[in-house]
Amino acid sequence: ELLGDPMTLFHEYPYDDARAAGRLGGLFFWTCNVSGKRDFLLQGGGFDEDWLCYEDVILGLELEKRGMDLRFVPEARARHLHQMSPDSLSRRAVLLGEWLAPLVRRVPDPAIKHRFGLLSGDIGPRRYLRRLANRAAFRLLDTPPLMGLVRRLVEGQRRSRLSDFYYYVIFRRIMLAAYARARRLTP
């Protein structure tokens, strides 16, 4: 029954991105969707327990430096499902946005900014212009009248492309605002 819930959008691993990436690096090391040898994971230092989010990405980047050969196996699937609500989704977006700022400071690689959809001059001119165009389109669509109409259409309904759009817009707006706030507040 959870699979029909619109909130399941936020449980999905980026399978299409992984398929397109070819060789996978630490940015795809999401521990709810990966398995590995215990000894090798411990060589990477294990999880940094000071981090509430992105601790698996940080470990994945360290393991990548140590020669991790992360492979995408299309037949393998994991489901990390738990009930979410619009309120818990908002809290999750704030948490991820707040922790993304220290992640970018800790790992200043442009690949981090690209992976998480951040607008930054060091992601390359084509990506920057495409992301700028996406942000402009996002702003045009993220208006109270349009979002109010879409909300009325999706509330209480099963997951659909329209509900994915609606909740994604809300999630991104909240996450990016939290990221911008965290960047301003921390050196």
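Residues numbered from 1 in each chain as written. Predicted model: local features only at pLDDT ≥ 70, side-chain atom pairs only at ≥ 80, totals over all residues. Heavy atoms only, no water.

1. Points about the overall build of the protein
- What the protein contains, in helices and strands, is eight helices and zero strands.
- Its helices and strands in sequence order give the protein the pattern α-α-α-α-α-α-α-α, from N to C terminus.
- For a compact globule of 187 residues, the expected C-alpha radius of gyration is about 16 Å, and the protein comes in at 18 Å, within 12% of that figure.
- Considering only C-alpha atoms, the protein reaches an extent of 50 × 40 × 30 Å along its principal axes.
- Surface summary for the protein: the accessible area is close to 11800 Å², and the carbon and sulfur share equals 54%. (Helix = DSSP H or I, 4+ residues; strand = E, 2+ residues; numbered from the N terminus. Rg over C-alpha atoms; globule rule 2.2 N^0.38 Å. Areas by Shrake-Rupley, 256 points an atom, 1.4 Å probe, with all protein chains shown as cover.)

2. Digging into the side chain of Lys 113
- With respect to the element layout, Lys 113 can be found in helix 5 (residues 110–115).
- Overall, Lys 113 belongs to the buried group, its relative accessible area being 12%.
- When residues no more than four places from it in sequence are discounted, the contact partners of Lys 113 are Val 104, Pro 108, Leu 118, Ser 120, Asp 122, Ile 123 and Arg 131. (Buried < 20%, exposed > 50% of the residue type's maximum accessible area, 1.4 Å probe, protein only. Contact = heavy atoms within 4.5 Å.)

3. Examining the nonpolar core
- In this structure, Tyr 54, Leu 100, Leu 103, Ile 112, Phe 116, Tyr 166 and Met 175 are the most contacted members of the largest nonpolar core, which totals 35 residues.
- Counting only elements with at least two residues in this core, the list comes to helix 3 (55–65), helix 4 (86–106), helix 7 (144–154) and helix 8 (161–185).
- By residue number, the principal contributor to this core is helix 8, which donates 10 residues.
- Tyr 15, Ala 18, Leu 59 and Phe 72 belong to the second largest nonpolar core, which has 10 residues in total. (Core = buried A, V, L, I, M, F, W, Y, C linked by side-chain atoms within 4.5 Å.)

4. Digging into a nonpolar patch on the surface
- A contiguous nonpolar surface patch, about 250 Å² in accessible area, is contributed by Leu 119, Leu 129 and Leu 132.
- Overall, the relative accessible area of 38% leaves Leu 132 in the partly exposed class. (Patch = residues over 30% accessible without salt bridge, like charges linked within 9 Å, V, L, I, M, F, W, Y side chains within 5 Å. Salt bridge = Lys/Arg side-chain N within 4 Å of Asp/Glu carboxyl O.)

5. Thoughts on helix 7
- Inspection of helix 7 places Met 147, Gly 148, Val 150 and Val 154 among the buried residues, and these make up the whole buried set. The buried residues of helix 7 occupy an angular sector of 165° when projected down its axis, which confines them to one face. Along helix 7, the residues that are exposed and aim more than 90 degrees away from the buried face are Pro 145 and Arg 152. (Arc of directions from axis to C-beta.)

6. Side note on the confidence of the model for the protein
- Here the protein averages 87 in pLDDT, while 93% of its residues score no lower than 70.
- Between the elements of the protein, mean pLDDT differs from a low of 79, seen in helix 1 (residues 15–21), to a high of 93, seen in helix 3. (pLDDT = per-residue confidence, 0-100.)

7. Quick notes on the pattern of salt bridges
- What the rule picks out here adds up to 10 salt bridges.
- The partner of Arg 71 in a salt bridge is Asp 69, and the shortest N-O contact between them spans 2.5 Å.
- With relative accessibility at 63%, the residue Arg 71 sits in the exposed group.
- On the accessibility criterion, Asp 69 (47% relative accessible area) is partly exposed.
- The salt bridge involving Asp 142 is made with Arg 173; its shortest N-O contact spans 2.7 Å. Taken together, the positions of Asp 142 in the loop between helix 6 (125–141) and helix 7 and Arg 173 in helix 8 put the pair 31 residues apart, joining distant regions of the chain.
- One salt-bridge network, held together by shared partners, links Glu 62, Lys 65 and Arg 66.

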